[in-house]
Each structure stands twice: as C-alpha cells, then as structure tokens.
Amino acid sequence: MEILENEQFNYQLTKDGLTYKLNVVCGTVGLYEISVILNSNQVENYKKEGKRYIAELAQELRGNSA
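Residues numbered from 1 in each chain as written. Predicted model: local features only at pLDDT ≥ 70, side-chain atom pairs only at ≥ 80, totals over all residues. Heavy atoms only, no water.

**Quick notes on helix H1 (residues 40–49)**
We count it as follows: Working definition: with a 1.4 Å probe on protein chains only, accessible area under 20% of the residue-type maximum means buried, over 50% means exposed, and in between means partly exposed. Helix numbering and strand numbering both begin at the N terminus, where a helix is a DSSP run of H or I of at least 4 residues and a strand a DSSP run of E of at least 2. Here, the arc refers to the directions that run from the helix axis to the C-beta atoms. Contacts are assigned to residue pairs with any non-hydrogen atoms lying within 4.5 Å of each other.
Of all the positions in H1, only Gln42, Val43 and Tyr46 are classed as buried. For H1, the buried positions fall inside an angular range of 100° around the axis, keeping them on one side. Exposed and oriented more than 90 degrees from the buried face of H1 are Ser40, Asn41, Lys47 and Lys48. Summarising the contacts, the buried residues of H1 are in contact with strand E1 (2–7), strand E2 (11–16), strand E3 (19–27), strand E4 (31–37) and helix H2 (51–63). Following H1 by one or two positions, Gly50 has its phi on the positive side, about 70°.

What follows is the structure in structure tokens.
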C-alpha cells in the first residue's frame, strides 16, 4: 500500500494496486473515520487536479457522513 496524500486529522489517500482508498476523519467531540473506494471518475479527477480535489472530496464526504 502506498500513501499518496496525507493531511493529519483530515484525510489519507492510499493506493493498493489499482484501488484508491480515501479515509476521512469526521466528528467533533468524538472522532471517527469513514473510508471510501474511489470510482474511476474520482481517480481521473485526482490525477488531473491532485491534492486540491482530494481535499474537496474529503470535505464533501465529511458533510454527508451524518
């Protein structure tokens, strides 16, 4: 497994073979983590836009985690 992007207490993007996985830290008083496998469109967006896209995706996922 390769760590591609990592922002402590925010998110981590990893790659294992062809699978890209985004782990996002959520919560306020109690913290928890959600993990999603990126689909092909999300991977392409990451390859085009880089870290900025992952930060936006993490924020979107965090907002929809409740």
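Additional details are given in the paragraphs that follow.
**Quick notes on the side chain of Asn10**
Looking at the element boundaries, Asn10 is found in the loop between E1 and E2. What makes Asn10 buried here is its relative accessible area of 16%. Asn10 has contacts with Asn23, Val24, Val25 and Arg62, leaving out every residue within four places of it along the chain.

**Considerations on H2**
Counted only if it meets this: Helix span, as expected, comes to 1.5 Å for every residue beyond the first.
An ideal rise of 1.5 Å per residue puts 18 Å on 13 residues; H2 measures up with 18 Å between its terminal C-alpha atoms. Residues of H2 that are buried include every one of Tyr53, Ile54, Leu57, Ala58 and Leu61, and no others. Along the long axis of H2, the arc covered by the buried residues comes to 135°, so they all point the same way. The exposed residues of H2 that point more than 90 degrees off its buried face are Arg52 and Gly63.

**What about the pairing of E1?**
Short version of the rule: Whether two strands pair depends on DSSP finding at least two bridges between them.
Note that E1 and E2 share five bridges and pair antiparallel. By the bridge assignment for E2, Glu2 is matched with Lys15. Counting the residues between successive antiparallel strands, the hairpin from E1 to E2 contains three residues, one of them, Phe9, with a positive phi of roughly 60°.

All quantities given are derived from atomic positions and should not be read as evidence of function.
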